[in-house]
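Analysis of the macromolecular model
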Amino acid sequence: MDILIQQLFNGLTIGSVYSLVALGLTLVYGILHIPNFAHGALYMLGAYVTLTTMLLWGFHYWLAIAISVLIVGLLGVLMDRLVFHPLRNAPPIHDKIAAIGILLFLEALAQIVWGADYRSMDTPYGQVINVFGVTLTMQRILINVGAISVMILLYLFLKKTFIGSTIIAMAQNREGAHLVGINTNKVAMLTFMISGGLAAIAASLSAPINLVFPGMGHLVILKAFVIIILGGMGSIPGAIIGGYIIGFSESLGATYISGEYSDIIAFVLLVVILSFKPKGLFSREGF
Amino acid sequence: MTSLLGKRITVVGLIVAACVFPFITSNLYMLHILTLAFIWMIAVYGLNLLAGYTGYLSLAQAGFFAIGAYSLGLLTVKAGLSYWLAFVLACVITSAIGFLVGLVALRTREHFFAIYTLCVGYIIYLVIDKWDGLTGGVRGLIGIPAPANIGPISFQNPLSQYYLILFFLLLTIFVMYRIIHSLSGRTFIAIRNSEELAQTIGISTMKAKLLAFVLSTFFAGLSGALYASFIRFLGPDIAYITVIFDLLTYLLVGGIGTLAGPIVGTFLVVTVSQSLQFLQDYRMLIFGPLLTLLIIFYPRGIAGALQDWIAKLSSKKKQTPPKQRKNGKGAYVHSQTSEKKVKEG
Amino acid sequence: MFLETKQLTKQFGGLVAVNQVDFTIEQGKINAIIGPNGAGKSTFFNLISGTHPPSSGQVFYKDKDITKLPPNKIAELGIARTFQTTHLFEQSTVLDNVIVGHRLRTNSTLFDAILRTKRFRREEQKCREKAMEVLEFVGLTPVADQLAGSITQEEKKRVAFALALATDPEVVFLDEPAAGINPEETEGLAELMNKIAAQGITVCLIEHKMKMIMKLADHIMVLNYGEKIAEGTAEEIMSNQAVIEAYLGGDASA
C-alpha cells in the first residue's frame, strides 16, 4: 500500500512537470499551429540558466528561477521573430524543419557553454519529511505546489485579464481576431514568452530531482507532444489532464510492469490513440 | 535539347568521377568516408521520396534504417543465414514493418504524422536499446560479416566495398529517376500539392501514400543493411533522433524534392563536417542555424536554387508571349498566400 | 435520372450547413447553384464529390447510390470538380501539371515505371496526349510549356478546368470558377463553359456573379441557410418571391 501511495505521489510530481511543458507547447500550437520541436531546448536552457545564476552569482533559487523565466521567455520571443514569423506563409513542413534546426543549434550551444557532463542542482529544499508513513522530499512537494500555482495563475491570466483573453480569442479564430483589431503579432510574441517561461519553470523545478545535461529536453518534449495530442492540440485543460495521465501511467507502469520500459509507455499510448483517432482524442471537427 | 545533353554529360561525368576516385586517392580514410556518404545518400533518397515528393515528413526514417541494419546483423550473426539471403530479407523485413506502420501512420496528416513517426522512431530506438537479449542493447552487436563473394568477386577489401555500395547507390538513383518521371511520381507530387485535389482527380491517395512510405522504408532498410556489413558493428544510437536530424540536414542542404538534392547535400555536409573534425560534437552549432536559414531563404536547397536559376535564365531567353500577361511575379505571390490558407484551414 | 440528391443533409456540430436538399442535375445542360454567402453551396459540392460524408440523405448517379464512395471512386465514375483555389506545382510546367489528371484512366504500376514497359510508355503517351488535348480545348496551348508559377490568375482557372476535363468526366462541378478575375475574363470563362456543355459534358457550377449565371445557366437552384428555396429557369428564379427576399432581406452580397 505504501508503495502505491509513494508511486501515486511520484506520478503527481512527474505529471506536474509534464503538464507545465505541455502547456507551453499547446499554447504555441493553439495560436500559431506550429509544433515547436525546439520547445525541449527551451526546457533544457531553463535548467542551465537557473543552475548557472545560482552557482556563478550565488543567487537564491527563487531569484534564479525568475531570471531563467525572463531569459528563456525572451529567447522564445526571439525565435518567433527570427524564424517562425518569416515562415508564417510557408508550407507547414517548413515550420517543423526550422524548429528542428533551432533545437539542434541550442543543444550544441549548451554543450559548448556548459559541456556534456551531467550536473546536479542543489537547492535549499533537500530535507526529507515523513507524512503518514510516506517519505517525501521538500523539493518534490515544491514541484507540485509550484506547478499547480503556476497553472492557476495562468488560468486567471487567460480568463480574467484583457491580454489573456486576446490569446484565447486568437487561438479560437485567428482571422476573426485580426479583424476585431487584435495585434496578432504581439499576441504571438506574448505566447512565445509565456511558453518559454513555463518551460523554464518546469525545468528549474524538476532539475534538482533529476540531472541537468544538454539532451535533457529530448524525452520531455517528446512526451509533451504525446500529451497535447492526448489532450487535443491547442487545448489548455487537455494539456494539464494529459500531463497527469502520462505522469501516473509512467510511475505506476514502472512499478507494476517494468522499470526498463517505463519511458516507452507514453509513446505506445500515443501510437495506439492515433491509430484509432488520427486527429487526436479531442479533435474539433470542422476546424 | 542542349540542356538535356548537358545534363547527360554531367551525369556520366559524375559516374566516371566516382568510379575513378579510388585510383586518384590512395587515402583509405577518404575512401571510407565517401563509402559511408553513399550509404547515407540511399537513406536520404528514401526520405526525399516521402517528404520531398509526397509531402509527408517522416521522422521514423532513422528507425527503419536501424531495422534494416539490425535485421542483417541478427540474421547473419545469430541466425547464421547466408549473407545475401539475409541482405534480401533485411530489405523485405524493413518494408514489411514499414507497410504496417504506414497503414496506421498515414491516416494522420501533417503535424500529427510528423509526431506519430517521431514516436515510432523513438519506440524503435528504445526497443533496440532495452532488448538486450536480442540486440545486445548498449553493448552493441559485433561480428557482422562483410558482404559474401558473388562468384569470383570478393567484398573483403575497402575498394570492392566502395564499388558495391556505389553500385547500389546508382541503382537507387536510377530507380528514383524512373519513379519521379512517371505517372506514379506525378501521383506523389499531386498529393504533395493538395491531397484533396489529388483525390478528386481520381487518385487513391491512401494507396499512393502507402506506396511512397513503403518505398522510403525499403531504401532505409537497404541503406541500413549496407551500413551493417560495412561498419560491421551496430549500436542502438543508429536509431537515435540525431540520425534523422542528420538525414534531414543532408536533404535540406541539397534540396528537398529534387533528384540531385540527396547527393549534393550528403556529399557537401559529410565532407565539410570531416574537414571541421575538431568541431565534431559542435557541428550542429553550424548545421542547426543552416537548416533554419535554408528553409527560410532557400526552401529547396542548393539543387532547387540552381534549378530555379536555370529556369529563370531559359525563360528569359524564350521570352513570354506578349498576350496580356500582366505580372507573372504577382501570380506567384498570390499562389503562395493561397498555401497559407490551407495551412490555417 | 442523371445525377440526383435525396434529402441530402450535412451538420457540423450543431450547425446545419445543408438541410434536406433534393436536387436533380439535367444531363448535357448547364446547372447552377446560387445563394448568399454561407448558404451551403460549397458544402453541397463537397457532399456530392465525396470530400465530406453527408450526415444523412443520398446521392444517386445514373441510378447508382454513390453516397458512401470515396472521392477517387466518384471521379472514376465520371464526376469531376474544381476548387476555388487550385494548387498547382509551381516549379513544373502547365503541361506536367495536367498530365496527372488522366492518371485514373491508366493501370501502369510502379514496376512498369521502373522497367519502362510497353504498357508504361503507351499510357504515359496517352496521358500526355490527353493533357495536350484538354489544354488545347481550354485555350492554353501557348503556355503549356511555361512554369505553372508564372501564369496569370485567369490562366490558372483554365488549368483547373483542364485538370478536371483530363479525367474524362461526364459531369463537371465548378466551384466559383470566376472568382477573383475581371469581367472580360469572366466572359471568356462563360464561353468555355458553353463549349464544355456543347461537348456533351454536363456542367454544374456555383457562382456569385449573378449576371453571368442568369445568362449562362439552363437550370438554377437557390440555397439559403442550407435549404433549397427555389429551383427553375433563370426567368423563374428572377421572379421568385422567396429568392428576392433572401437576397434583399439577408445580406445582399451578390
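Residues numbered from 1 in each chain as written. Chains lettered and ligands numbered in written order. Predicted model: local features only at pLDDT ≥ 70, side-chain atom pairs only at ≥ 80, totals over all residues.

Some words on the overall build of chain C
Helix and strand content of chain C: 10 helices and 10 strands. The C-alpha radius of gyration of chain C comes to 19 Å, within 12% of the 18 Å expected for a compact globule of 254 residues. Dimensions of chain C, computed from C-alpha atoms along their principal axes, come out at roughly 60 × 40 × 35 Å. Put simply, chain C has 254 residues, and 49% of those count as buried. (Helix = DSSP H or I, 4+ residues; strand = E, 2+ residues; numbered from the N terminus. Rg over C-alpha atoms; globule rule 2.2 N^0.38 Å. Buried ≥ 20, exposed ≤ 12 C-beta atoms within 10 Å, placed from the backbone.)

Here we look at unusual backbone geometry
Residue and element names in this part refer to chain C. Although it is not a glycine, Q20 adopts a positive phi angle of roughly 45°. Mapped onto the secondary structure, Q20 falls in strand 2 (residues 15–25). Overall, Q20 belongs to the partly exposed group, with 15 C-beta atoms counted inside 10 Å. The backbone phi angle of D168 is positive, close to 60°, even though this residue is not glycine. Turning to its location among the elements, D168 is positioned in the loop between helix 6 (153–165) and strand 7 (171–175).

Some details on the nonpolar core
Note that soluble globular proteins tend to have their nonpolar side chains buried in a common cluster. Ranked by size, the top nonpolar core spans 285 residues in total, and within it A:V21, A:V226, B:C119, B:L247, C:V98 and C:A162 carry the most contacts. For this core, the domains that each give at least three residues are domain 1 (1–78 + 170–254) and domain 2 (87–168) of chain C. Every residue in contact with B:L247, bar those within four places of it in the chain, is listed here: B:W40, B:A43, B:V44, B:L47, B:Q61 and B:A62. (Core = buried A, V, L, I, M, F, W, Y, C linked by C-beta atoms within 7 Å. Domains from an automatic or database assignment. Contact = placed C-beta atoms within 7 Å.)

What to know about the packing of helix 1 (residues 2–32) of chain A against helix 5 (residues 138–160) of chain A
Residue and element names in this part refer to chain A. Where helix 1 meets helix 5, the closest approach of the two axes is 9 Å, and the angle between their N-to-C directions is 35°. As helix 1 runs across helix 5, the sense of the crossing is left-handed. Taken together, the residues of helix 5 that come into contact with helix 1 (itself represented by L12, T13, S16, V17, S19, L20 and L23) are R140, I143, N144, A147, I148, V150, M151 and L154. (Axes fitted to C-alpha atoms, helices over the stretch in contact; angles between N-to-C directions. Left-handed = near helix turned anticlockwise from the far one by under 90°.)

Details of the sheet that holds strand 1 (residues 3–12) of chain C
Two modes of strand pairing occur in sheets, parallel and antiparallel, and in both the strands are linked by backbone hydrogen bonds. Residue and element names in this part refer to chain C. Read from one edge to the other, the open sheet built from 4 strands follows the order 2-1-4-5, with strand pairing classed as antiparallel. Sheet topology places strand 2 and strand 5 (64–65) at the edges, where each strand pairs with a single neighbour. Direction of pairing for strand 1 relative to strand 4 (residues 56–61): antiparallel, over a ladder of 5 bridges. When the bridges of strand 4 are listed, T9 appears paired with S56. On the sheet, helix 1 (residues 41–48) packs against strand 1, strand 2 and strand 4 and is oriented at approximately 65° with respect to strand 2. (Pairing = 2+ DSSP bridges.)

Brief notes about the interface of chain A and chain B
Contacts between chain A and chain B engage 43 residues on the former and 41 residues on the latter. The set of elements that each furnish at least two residues to the side of chain A that touches chain B consists of helix 4 (92–114), helix 9 (217–231) and helix 11 (262–276) of chain A. Counting residues per element, the side of chain A that touches chain B draws most heavily on helix 4 of chain A, which supplies 16 residues. Among the residues forming the side of chain A that touches chain B, the class breakdown is 29 nonpolar, 8 polar and 6 charged. (Nonpolar A, V, L, I, M, F, W, Y, C, P; charged D, E, K, R; others polar.)

Some points on the pairing of strand 9 (residues 219–224) of chain C
All names here are of chain C. Most of strand 9 is tucked away: 6 of the 6 residues are buried. Two strands pair when backbone bridges link them, and strand 3 (residues 30–34) and strand 9 are joined in this way by 4 bridges, in the parallel orientation. Note that in strand 9 the partner of I34 across the bridge is V222. Direction of pairing for strand 9 relative to strand 10 (residues 227–232): antiparallel, over a ladder of 5 bridges. Among the inter-strand pairings, L223 is bridged to a residue of strand 10, identified as K228.

Digging into the domain arrangement of chain C
Residues and elements named next belong to chain C. Structurally, chain C comprises domain 1 (1–78 + 170–254) and domain 2 (87–168). Each of domain 1 and domain 2 was reduced to a C-alpha centroid, and the two centroids are 27 Å apart. If you look at the interface, domain 1 gives 10 residues, while domain 2 gives 9 residues. Listed by contribution, the elements that provide at least two residues to the side of domain 1 that touches domain 2 are helix 2 (71–76) and helix 7 (183–198). If one sorts the elements of the side of domain 1 that touches domain 2 by residue count, helix 7 sits on top with 3 residues. When its residues are assigned to classes, the side of domain 1 that touches domain 2 shows 6 nonpolar, 2 polar and 2 charged.

Overview of the environment of B:I180
Residue and element names in this part refer to chain B. Mapping I180 onto the fold places it in helix 7 (residues 158–180). With 20 C-beta atoms counted inside 10 Å, the residue I180 sits in the buried group. Separated by 127 residues in the primary sequence, I180 and Y53 have C-alpha atoms spaced 8.3 Å apart. Among residues more than four places away in sequence, those in contact with I180 are Y53, G185 and L259.

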